[in-house]
Amino acid sequence: MSFDPARFRALFPIFAAAPADGPALHYLDSGASAQVPQLVIDAVARHDSTARANVKRGVHRLAEAATEAYETARLSAARYLNAPSPREVIFTGGTTGAINLVARAHGDLLGEGDEVLVSMLEHHSNIVPWQLLQTRRGIRLSVIPATADGRLDLDRLDELVTPRTRLIAVTHCSNVTGAVTDLARIVAAARAVGAKVLVDGAQRAPHGPIDVQALGVDFYAFSGHKAFGPNGIGVLWGRGELLEAMPPFMGGGEMISHVSFAGSSWAPIPNKFEAGTPPIAQAVGLGAALDWLSEQDWPAILANEMRLTGRILDGLATIPGCRILGPGGLQQRLGVISFALDGLHPHDVCQFVDATHGVALRGGHHCAQPLMESCGLVGTVRASLAPYNDDGDVDALLDGLAHAVRQLR
Ligand code: PMP
């Protein structure tokens, strides 16, 4: 195996399309949504043009082909996560849908005084569902603080984990600081009190296959659109016995075993959690993306990502009044790089570098307002890398930022 960034990039049609006006595209916003390779576009189109039908219930050939394609995608997701069984893989609308599913369904098993521990680094989608559960079931919500360099402050775990802790819900990689969580410490602390661990893998899953068994966690969530797949599809993996113990989250077709007005009973997992017609073509597209990702040379890809990350961090360090939010070192981080430029609003910076250098960045609070507030900021500029990024993208970014600072300050 080997990794050739130019060949990888050539698989993505968006980079071949010349922009109608302005500079060429330097896409550094993959943390928001990654681009899709042609093979994913083809898999979705092939499905829609040869096997489009509803799944699970049909008996005609096309319905059987659609069901097989959908269940094959489930197998691909199970393989990507090294899940013990595909029945533990539930297709959702995305990470948000997956976490809400757990907060609703597993949340129904929690009550007054039970504690859920989240962290200061969480995306709103791993905060608000637990706040809703707090209102609904009277749980207590506590927060692992962040360190000054944007990691989870795990030295505080011992005081925060109590005999009433039932669940620890943390990000695998921060969408703001890029810090990768030391899940082994979280799992050990959770196990000591019999708590479960949910991992928001939205930012980690696009950077190579996951091994949920080796991680020892209980739930793992991620989104298709960040992992080079279609929009509107995501994955929740959960331990079989936990999913089986959870009541359904949504009622409707296909999640039942039998319905009568005297009372209904539920289908086995995963169908119990997939009420209604699922996003079928999107699942097929995600399956194609995950199979393809599984074949990549991840050590080589990540080495290149860290090299580019190092170049960006070094370049930012030369800009006066630039504050980097994440870890300065390349250990325990991925290519998600947030920074604030003194005296400049993140939106102005993003608009400027897009218009002048074609660099697509994200500016704002990144759905992490508690973290922003704890840093005394309204927002940051964020560059996020994928394997299709190259030195030309980094040059355009650093050049664009130097121009922005000269022109806008
Ligand atoms: N968690 C993290 C860490 C994220 O970066 C995102 C997307 N910005 C989400 C959750 C939510 O993902 P989605 O909008 O695809 O549900």
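As the structure is a prediction and not an experimental result, all values here were calculated from the model. (Residues numbered from 1 in each chain as written. Predicted model: local features only at pLDDT ≥ 70, side-chain atom pairs only at ≥ 80, totals over all residues. Heavy atoms only, no water.)

1. Notes on the domain arrangement of the protein
- Under the domain assignment, the protein is made up of domain 1 (5-30 + 297-408) and domain 2 (41-294).
- Summarising the inter-unit geometry, the C-alpha centres of domain 1 and domain 2 are found 28 Å apart.
- Each side of the interface is counted separately: domain 1 has 30 residues, and domain 2 has 30 residues.
- Each partner contributes to the roughly 2300 Å² buried at the junction of domain 1 and domain 2, and carbon and sulfur atoms together form 66% of this total.
- Sorting the residues of domain 1 by area buried against domain 2 places Trp298, Leu334 and Leu371 first, and these three jointly supply 27% of that buried surface.
- There are 0 salt bridges connecting domain 1 and domain 2.
- The interface formed by domain 1 and domain 2 includes 11 residue pairs in polar contact (both at pLDDT 80 or more).
- Those elements that provide at least two residues to the side of domain 1 that touches domain 2 are α11 (298-317), β12 (336-341) and α13 (369-374).
- Broken down by element, the residue count for the side of domain 1 that touches domain 2 peaks at 5 residues, all from α13. (Domains from an automatic or database assignment. Contact = heavy atoms within 4.5 Å. Buried area = accessible area lost by both parts, 1.4 Å probe. Salt bridge = Lys/Arg side-chain N within 4 Å of Asp/Glu carboxyl O. Polar contact = N/O pair within 3.5 Å; in protein donor to acceptor, adjacent residues only side chain to side chain. Helix = DSSP H or I, 4+ residues; strand = E, 2+ residues; numbered from the N terminus.)

2. Notes on the site of the ligand
- The ligand sits among Thr95, Thr96, His123, Ser125, Asn175, Asp200, Ala202, Gln203, Ser223, His225 and Lys226.
- Here a nitrogen atom of the ligand and a side-chain polar atom of Asp200 are 2.5 Å apart.
- One of the side-chain nitrogen or oxygen atoms of Gln203 is found 2.7 Å away from an oxygen atom of the ligand.
- A total of 400 Å² of accessible area belongs to the ligand in isolation, and the protein chains cover 84% of it.
- Its residues assigned to classes, the shell around the ligand comprises 1 nonpolar, 8 polar and 2 charged. (Near = heavy atom within 4 Å. Areas by Shrake-Rupley, 256 points an atom, 1.4 Å probe, with all protein chains shown as cover. Nonpolar A, V, L, I, M, F, W, Y, C, P; charged D, E, K, R; others polar.)

3. Brief notes about the layout of surface pockets
- Quantified by volume, the largest pocket comes out at close to 340 Å³.
- The wall of the largest pocket is formed by 21 residues, among which His123, Asn175, Lys226, His366 and Cys367 lie closest to the centre.
- A total of 3 residues in the lining of the largest pocket trace back to one element, the largest contributor, which is strand β14 (residues 362-364).
- Class assignment for the residues of the lining of the largest pocket results in 4 nonpolar, 13 polar and 4 charged.
- The residues that make up the lining of the largest pocket include at least three from each of domain 1 (5-30 + 297-408) and domain 2 (41-294). (1 Å grid on protein atoms, 1.4 Å probe; cavity = no way out; pocket = protein on both sides within 12 Å on 5 of 7 lines; lining within 4 Å. Points joined across faces, edges and corners; volume = space filled by probe spheres on them.)

4. Here we look at empty space enclosed by the protein
- Within the structure shown, the criterion is met by 2 cavities of 30 Å³ or more.
- Lining the largest cavity are 13 residues, with Ser30, Gly31, Pro206, His207 and Leu385 sitting closest to its centre.
- Composition of the lining of the largest cavity by domain shows at least three residues from each of domain 1 (5-30 + 297-408) and domain 2 (41-294).
- In this structure, the second largest cavity spans a volume of roughly 30 Å³.
- Looking at the second largest cavity, the residues that line it are Ile301, Asn304, Glu305, Leu308, Leu385, Ala386, Pro387 and Asn389.

5. Let's talk about the environment of Leu316
- Mapped onto the fold, Leu316 is located in helix α11.
- The buried category is assigned to Leu316, whose relative accessible area is 0%.
- For the pair Leu316 and Gly224, spaced 92 residues apart in sequence, the C-alpha to C-alpha distance is 31 Å. (Buried < 20%, exposed > 50% of the residue type's maximum accessible area, 1.4 Å probe, protein only.)

6. Focus: unusual backbone geometry
- Ile269 connects to Pro270 through a cis peptide bond whose omega is 0°.
- Among the structural elements, Pro270 can be located in the loop between β10 (265-266) and α10 (280-294).
- A positive phi angle, near 50°, is found at Asn82, a position not held by glycine.
- The residue Asn82 is located in the loop between α3 (61-81) and β2 (89-92) in this model.
- Judged by its relative accessible area of 32%, Asn82 falls in the partly exposed class.
- For His366, which is not glycine, the phi dihedral falls at a positive 55°.
- The topology assignment puts His366 in the loop between β14 and α13.
- Judged by relative accessible area, His366 falls into the buried class, the value being 7%.

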